[in-house]
2 protein chains.
Amino acid sequence: MSKLVIVGTVAFDAIETPFGKTDKILGGAATFIGLAASQFNVDAAAVSVVGGDFPQDYLDLLANKNIDTTGIEIVKEGKTFFWSGKYHNDMNTRDTLATELNVLADFNPVVPENYKDADYVMLGNLHPIVQIGVLEQMTKKPKLVVLDTMNFWMDNALEDLHKIISKVDVITINDEEARQLTGEYSLVVAARKIHEMGPKYVVIKKGEHGALLFHNDNVFYAPALPLEEVFDPTGAGDTFAGGFIGYLTKTDDISFDNMKNAVIYGSTLASFCVEKFGTERMQTLSRQDVHKRLQQFSDLTQFDIELS
Amino acid sequence: MSKLVIVGTVAFDAIETPFGKTDKILGGAATFIGLAASQFNVDAAAVSVVGGDFPQDYLDLLANKNIDTTGIEIVKEGKTFFWSGKYHNDMNTRDTLATELNVLADFNPVVPENYKDADYVMLGNLHPIVQIGVLEQMTKKPKLVVLDTMNFWMDNALEDLHKIISKVDVITINDEEARQLTGEYSLVVAARKIHEMGPKYVVIKKGEHGALLFHNDNVFYAPALPLEEVFDPTGAGDTFAGGFIGYLTKTDDISFDNMKNAVIYGSTLASFCVEKFGTERMQTLSRQDVHKRLQQFSDLTQFDIELS
C-alpha cells in the first residue's frame, strides 16, 4: 500500500459565522487533510507541532482514523497555534480576528523514519521554508508532491514560495491567489504561467464556483455542489486537498483521467466539511454518505449528448 | 417540425471592451437568440421592431439563417433601438453609456399568423407587458415558454414581471437577479422561491461560472468553457437562451434529461459568442466548430468513477 505524508498545521480555531460562533475547536490544515484522506484508509502520517495545551483526545481522534501521529511534535511548555476568524454574510470573505503562531514559530518538521520513502506527499499551507524542509527529508523522490499555499506567502515570502513551487508536481491555489501569483486575470493564462514555474498540474479552487484542474492543454472542471446553506467554510480547501491526495494515494494512479476522479472526490468531501463547524461533519462521515453524494455530483454534471 | 417564436429586440449596439471598440453594429436579444437557434435548422420566426435606418442586409442575414423575419415590423419614420456599453477590465461588469429606445417605445408585437400555433416560445428580454402580449396571441397553449428578463424590470415593472413569470415554464435569469427577485443569497433557495412563482424550470446564469438548471429537487450544472480571453460578453446570455430553446425545439423533447443537453448546447454556443464583437463569431459558426467544442465540454466535465 502506498504511503502518504501530510504536513500542515494542527491547531485551535475559533470561528464566527452568520449561523453562530465557536469556542476554541480542533482545526488546522493537516487535521482537515488527514480527516479527508482517512476516508480512503490510506497509510498516512501527519507531520506538525502542537503545544502542551493540546488535548490528547484530538490526537487520538486522528489516530483512530488511522493517521500516524508520531510526527506531531508536542512542545510541552508551548501553546498550540491559534486562529480566529469571522465570516461575512456572503461566506466568501472573512476577517481574521487573531493569529497566534505560538509553537508554529519555531516549527522544525520531522518526517517519521518509516514515512521518509512515502510515494505521496501533501504539503499543507505553511511557510515555504518548512515545506522545503519536509521534501529534503524524503529519502527517495516521491511519485507525487502536492502543494497548497496562500496569498500570505506571496506577500511575505515570495522568493521561498517560488522555490517550493518549482519542486512540486501539483499546486492547489484559489482563483484570486492564482491571479496574484501570475498577474493574469484569465485563469487559463494564469494556469499556463504556473505550469512554467514548475507544477505539471495546477488546481485552481473557486470556492462555491468549483475547481479547475489544468495539465498542459487539458482542463477538467468540478463544480461545487449547490448547497442550501454553507454553515462554515473553514477547512473546505484543505478537505478538498485531502480528498484529492487521499484518492490518488489509494488508487496509486496519477494519470490525468484518475486526477479528474480525485478532484471530484475532493469536491465531494469539501461539500460535507462546510455543513457544520470545523471538523464536526468530517468526524462522523460514513462511506454511505460519501457514496450518495458522489451520485449527486454525477447527476449534477453528467450528460448524454450523441457526439457522433 | 416544431415551430419556434422568438420575441426580443433587434438593435444597434456600440461596444467598448479592453480589446477595442465598435461603431454601431448588429445587436439585440432576438438577433442573438435567432442566430443561436438557427444552428438547429428549426422553423423559427423573430418578432421585433426596427426603424427605417435598419439595413436590409441585417434582416437578410437572419432570413438566410432560415429565421422568418415577417414579424419584424419596420417603422420607416422611426429609429432602431440603440444600446451602448463599456466593459470593465474584469469583463463581468459594464457601464451602460446610452440607451435609446426609439421605435421600441411603442412596440406592439405581432406574431405572424402561421406561427401563432408554435409549440415553442422564447420571450427575450423586453418589457413584461410586451412579453405578455405575445403569449396572448398564441392560438394554442405552447409546449414550452421560456422567459428571459433582467433586473431593470425588477426595479421598474415588478408587478408586470410577476405576471409574466407566473405564465412561463422556464425562466433564465442571472445569479444576482435571482437574488434580487427572491431576497435569498443561496441560489438553491432562490430557485425554489422562483419555482413557487410559476416556472417549473429555473436556469440561473453565472457568467464565467456557468449555469445551473433547477427542476424541483433536480439540479444540473453546466460550466462555462475556461477561455484564454473573453473578447466581448455582449449577447452571451441571449445566445445561451437561443441554443437552449433551439435544441429543445429541434428535439421536441422537454424531459429534464434533454434539458441538460439543451443547457450544454446553450453554454457551448455562448462560448463562441464571446470570442468576437457582437454577432461576428455567430455569423460564421459551422457545425464542425460546434461539434468540436461540444467534445471539449464533454472532456471538461465528464468523469468515470465506479459508483457500485
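A quick note: this is a predicted structure, and the numbers were derived from the prediction, not measured.

1. Details of the packing of helix α1 (residues 29-37) of chain B against helix α8 (residues 236-251) of chain B
Residue and element names in this part refer to chain B. As a packed pair, α1 and α8 sit with axes 7 Å apart at the nearest point and diverge in direction by 45°. With respect to α8, the axis of α1 lies oblique. Both α1 and α8 take part in a crossing whose hand is right-handed. Where α1 abuts α8, its residues A29, F32, I33, A36 and A37 lie against D238, T239, G242, G243 and G246. Grouping the constituent residues of the contact of α1 with α8 by class yields five nonpolar, four polar and one charged.

2. Some details on the nonpolar core
If you look at the biggest cluster of nonpolar residues, it comprises 167 residues, and the most contacted ones within it are A:V5, A:L123, B:L4, B:V5, B:L123 and B:F244. The dominant element in this core, judged by the number of residues it contributes, is helix α9 (residues 256-273) of chain B, at ten residues. Discounting residues that sit within four places of it in the chain, B:V5 has contacts with B:A45, B:V47, B:V111, B:Y115, B:A118, B:Y120, B:V121, B:M122 and B:M138. If you look at the next biggest cluster of nonpolar residues, it comprises 58 residues, including A:L61, A:F82, A:L213 and A:F220.

3. Things to note about the UniProt feature "domain: Carbohydrate kinase PfkB" (unreviewed entry) in chain A
UniProt records the feature "domain: Carbohydrate kinase PfkB" (unreviewed entry) at residues 2-281 of chain A, using the numbering of this structure. Across residues 2-281 of chain A, helical content stands at 35% and strand content at 26%; the span's end C-alpha atoms are separated by 27 Å.

4. Brief notes about the relation of the copies chain B and chain A
Take chain B, turn it by 180°, move it 0.0 Å along the axis, and it overlays chain A with an RMSD of 0.0 Å. What the superposition gives is, in effect, a two-fold axis relating one chain to the other. A share of 100% of interface residues in chain B that are also interface residues in chain A marks the association as one of identical surfaces.

5. A short note on the environment of A:E73
All names here are of chain A. Inspection of the secondary structure puts E73 in strand β7 (residues 72-75). Sequence separation of E73 and V103 is 30 residues, and the distance between their C-alpha atoms is 9.8 Å. Sequence-distant contacts of E73, defined by excluding residues within four places in its chain, comprise S48, V49, V50 and N108.

6. So, helix α3 (residues 128-137) of chain A
Every buried residue of α3(A) is listed here: A:P128, A:V130, A:Q131, A:I132, A:V134 and A:L135. Looking at the buried residues of α3(A), the elements they touch are β1 (3-7), β10 (120-123), β11 (144-148), α4 (151-156) and α5 (158-165) of chain A.

7. Remarks on the pattern of salt bridges
Residue and element names in this part refer to chain A. In the structure shown here, the tally under the stated rule is 32 salt bridges over all chains. Two residues, D252 and K143, come together in a salt bridge whose shortest N-O distance is 2.8 Å. With a gap of 109 residues between them, D252 in the loop between α8 (236-251) and α9 (256-273) and K143 in the loop between α3 and β11 connect regions that are remote in the sequence. Judged by relative accessible area, D252 falls into the partly exposed class, the value being 33%.

8. What about the interface of chain B and chain A?
Counting residues at the interface gives 37 residues for chain B, matched by 37 residues for chain A. Of the roughly 3400 Å² buried between chain B and chain A, counting both surfaces, carbon and sulfur atoms make up 57%. Remark: the boundary between chain B and chain A carries two salt bridges. Taking the shortest distance from any N to any O, the salt bridge between A:R192 and B:E228 comes out at 2.2 Å. Summed over the shared surface of chain B and chain A, the number is 19 residue pairs in polar contact (both at pLDDT 80 or more). Contributing elements (two or more residues each) for the side of chain B that touches chain A: α7 (187-197), β15 (218-222), α9 and α11 (287-301) of chain B.

9. Concerning the side chain of B:R179
Positionally, B:R179 belongs in helix α6 (residues 175-182). You can call B:R179 buried: its relative accessible area is 11%.

10. A word on helix α2 (residues 56-64) of chain A
Residues and elements named next belong to chain A. Taken together, the buried positions of α2 are L59, L61 and L62. Down the axis of α2, the buried side of the element spans an arc of 150°, and every buried residue falls inside it. The exposed set on the far side of α2, more than 90 degrees from its buried face, consists of D57 and N64. Those residues of α2 that are buried lie in contact with β4 (25-27), α1 (29-37), β6 (67-68), β7 and α10 (280-283).

11. Description of the pairing of strand β5 (residues 43-51) of chain B
Residues and elements named next belong to chain B. The buried fraction of β5 amounts to eight of the nine residues, a majority that puts the element mostly inside the structure. The pairing of strand β1 (residues 3-7) with β5 spans five bridges and is parallel. Opposite V5, over in β5, you have A45 as the bridge partner. The pairing of β5 with strand β6 (residues 67-68) spans two bridges and is classified as parallel. Along β6, the bridge assignment pairs A44 with I67. For the crossover from β5 across helix α2 (residues 56-64) to β6, the handedness is right-handed.

12. Let's talk about the pairing of strand β12 (residues 170-174) of chain B
All names here are of chain B. Where burial is concerned, most of β12 is hidden: four out of the five residues are buried. By the bridge criterion, three bridges tie strand β11 (residues 144-148) to β12 in an arrangement that is parallel. Bridged to V146 within β12 is V170. When β12 meets strand β13 (residues 201-205), the two strands line up parallel, connected through five bridges. Bridging from a neighbouring strand, I171 pairs with V202 of β13.

13. Topic: the packing of aromatic side chains
Considering all chains together, one arrives at 21 aromatic pairs over all chains under this definition. A ring pair is formed by A:F12 and A:F54, whose centres lie 5.5 Å apart and whose planes are at 40°; its orientation type is tilted. Of this pair, A:F12 sits in strand β2 (residues 11-17) while A:F54 sits in the loop between β5 (43-51) and α2, placing them 42 residues apart in sequence. Judged by relative accessible area, A:F12 falls into the buried class, the value being 7%. A cation sits over an aromatic face here: B:R293 above B:F272, 3.9 Å from the ring centre.

Calculation rules
- Residues numbered from 1 in each chain as written.
- Chains lettered and ligands numbered in written order.
- Predicted model: local features only at pLDDT ≥ 70, side-chain atom pairs only at ≥ 80, totals over all residues.
- Heavy atoms only, no water.
- Axes fitted to C-alpha atoms, helices over the stretch in contact; angles between N-to-C directions.
- Helix = DSSP H or I, 4+ residues; strand = E, 2+ residues; numbered from the N terminus.
- Parallel < 35°, antiparallel > 145°, perpendicular 65-115°, else oblique.
- Left-handed = near helix turned anticlockwise from the far one by under 90°.
- Contact = heavy atoms within 4.5 Å.
- Nonpolar A, V, L, I, M, F, W, Y, C, P; charged D, E, K, R; others polar.
- Core = buried A, V, L, I, M, F, W, Y, C linked by side-chain atoms within 4.5 Å.
- Buried < 20%, exposed > 50% of the residue type's maximum accessible area, 1.4 Å probe, protein only.
- UniProt positions renumbered as here; feature names shortened; annotations may be inferred.
- Least-squares fit on C-alpha atoms with pLDDT ≥ 70 in both.
- Salt bridge = Lys/Arg side-chain N within 4 Å of Asp/Glu carboxyl O.
- Buried area = accessible area lost by both parts, 1.4 Å probe.
- Polar contact = N/O pair within 3.5 Å; in protein donor to acceptor, adjacent residues only side chain to side chain.
- Arc of directions from axis to C-beta.
- Pairing = 2+ DSSP bridges.
- Right-handed = clockwise from strand over helix to strand, strands pointing away.
- Phe/Tyr/Trp six-rings, centres within 6.5 Å; stacked < 30°, edge-to-face > 60°.
- Lys NZ or Arg CZ within 6 Å of the ring centre and 35° of its normal.

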